[in-house]
Amino acid sequence: MEKFNDGDIKEVIYTAEDLDNKCSELAERISADYDGEIVVVGILKGAMPFMIDLVRKIKAPVIIDFMDVKSYDGTTTTGEVRILKDLSVKVEGKDVLIVEDIIDTGLTLSYLIEVLKSRGAKSLNVCTLLTKPARRKKDINVKYVGFEIEDNFVIGYGMDYNEYYRNLPYIGILDERVYK
Ligand code: IMP
Ligand code: MG
């Protein structure tokens, strides 16, 4: 197999060890900030590995749930987002923490924040592993950020190119020859 393996990576930007350390750091901050139960909402599929590592380090009672959304990067700045899989727990009156792999334009997240607010979450915070501030179209208040990155297409540790590479234990920049 030539394609879709870790030989396609131009540069590793965060090793498995970097990611583990970052999860510990974020979980420590989260544990200090919450004293009661947290409903942790992972956005499928990309946030899965990060969320699994993060919640195991959080020292507050945690309820885990998932949402799957599809965003259409159309011509409007509002962006159209559709819910493919909704939560199975109620968030009304709960402290909710949305976990994302990466924030790019911010359209997906700003939509989700509005949805969960309208359902009456008591508090709503966001924890993202990565953010690309240069690409932001919607301003979002993100309390927990792992790393700020440049405008590169990254894969691994949940993030994909055509659904591949999500299982890589590190984050890397994809070699251009893969998509050319
Ligand atoms: P946004 O709505 O533009 O913020 O899009 C966010 C979603 O796009 C993320 O949750 C990712 O699933 C995906 N995404 C954005 N940038 C990248 C990238 O560099 N690699 C892989 N997926 C990305
Ligand atoms: Mg995502």
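Within any chain, residue numbers begin from 1 and follow the written order of that chain's sequence. In the order they appear in the text, chains get letters beginning with A and ligands get numbers beginning with 1. Only residues with pLDDT of at least 70 get local features here, since the model is predicted, and only at 80 or more are side-chain atom pairs given and counted; chain-wide, interface and lining totals rely on the full set of residues. Calculation of side-chain values draws on the structure's entire complement of heavy atoms; hydrogens and water are dropped beforehand.

## Quick word on the site of ligand 1
Residues in contact with ligand 1 amount to 15 residues; listed here are only the nearest, Thr105, Gly106, Thr108, Lys132 and Val154. Here a polar contact means two N or O atoms within 3.5 Å. Within protein one must be a hydrogen donor candidate and the other an acceptor candidate, and residues neighboring in sequence count only if both atoms are side-chain atoms. A distance of 2.9 Å separates an oxygen atom of ligand 1 from a polar atom in the side chain of Asp101. A distance of 2.4 Å separates an oxygen atom of ligand 1 from a polar atom in the side chain of Thr108. For the accessible areas, the method is Shrake-Rupley and the probe is 1.4 Å, while residue cover comes only from the protein chains on display. When isolated, ligand 1 has an accessible area of 490 Å², and the protein chains bury 82% of it. A per-element tally of the shell around ligand 1 places strand E5 (residues 95–103) first, with 4 residues. Residues are sorted three ways: Asp, Glu, Lys and Arg are charged, Ala, Val, Leu, Ile, Met, Phe, Trp, Tyr, Cys and Pro are nonpolar, and all the rest, Gly among them, are polar. Among the residues forming the shell around ligand 1, the class breakdown is 6 nonpolar, 4 polar and 5 charged. Near, as used in this document, describes a residue that has one of its heavy atoms within 4 Å of the molecule or strand being considered. Only runs of H or I of at least four residues qualify as helices and only runs of E of at least two qualify as strands under DSSP, and these elements are numbered from the N terminus.

## Re the sheet that holds strand E1 (residues 9–14)
Sheet architecture is open: 3 strands sit in the order E1-E9-E8, paired in antiparallel fashion. Where the open sheet ends on each side, the last strands, each with one partner, are E1 and strand E8 (154–155). By this definition, two strands are paired if DSSP reports at least two bridges between them. Here 2 bridges tie E8 to strand E9 (residues 171–174), and the two strands are oriented antiparallel to one another. Counterpart to Val154 in the pairing with E9 is Ile173.

## Description of the side chain of Lys132
Residue placement: Lys132 occurs in the loop between strand E6 (123–131) and strand E7 (144–148). Residue classification places Lys132 among the buried residues on the basis of a relative accessible area of 7%. Engagement of the side chain of Lys132 in a polar contact is seen with the backbone oxygen of Asn152, the distance being 3.1 Å. Those residues within four positions of Lys132 in sequence are excluded, and the remaining contacts are Ile102, Ile103, Asp104, Ile149, Glu150, Asp151, Asn152 and Phe153. When a residue's accessible area, from a 1.4 Å probe over protein chains only, is under 20% of the maximum for its type it is buried; when over 50% it is exposed; and in between it is partly exposed. Pairs of residues are marked as contacts when any of their non-hydrogen atoms sit within 4.5 Å.

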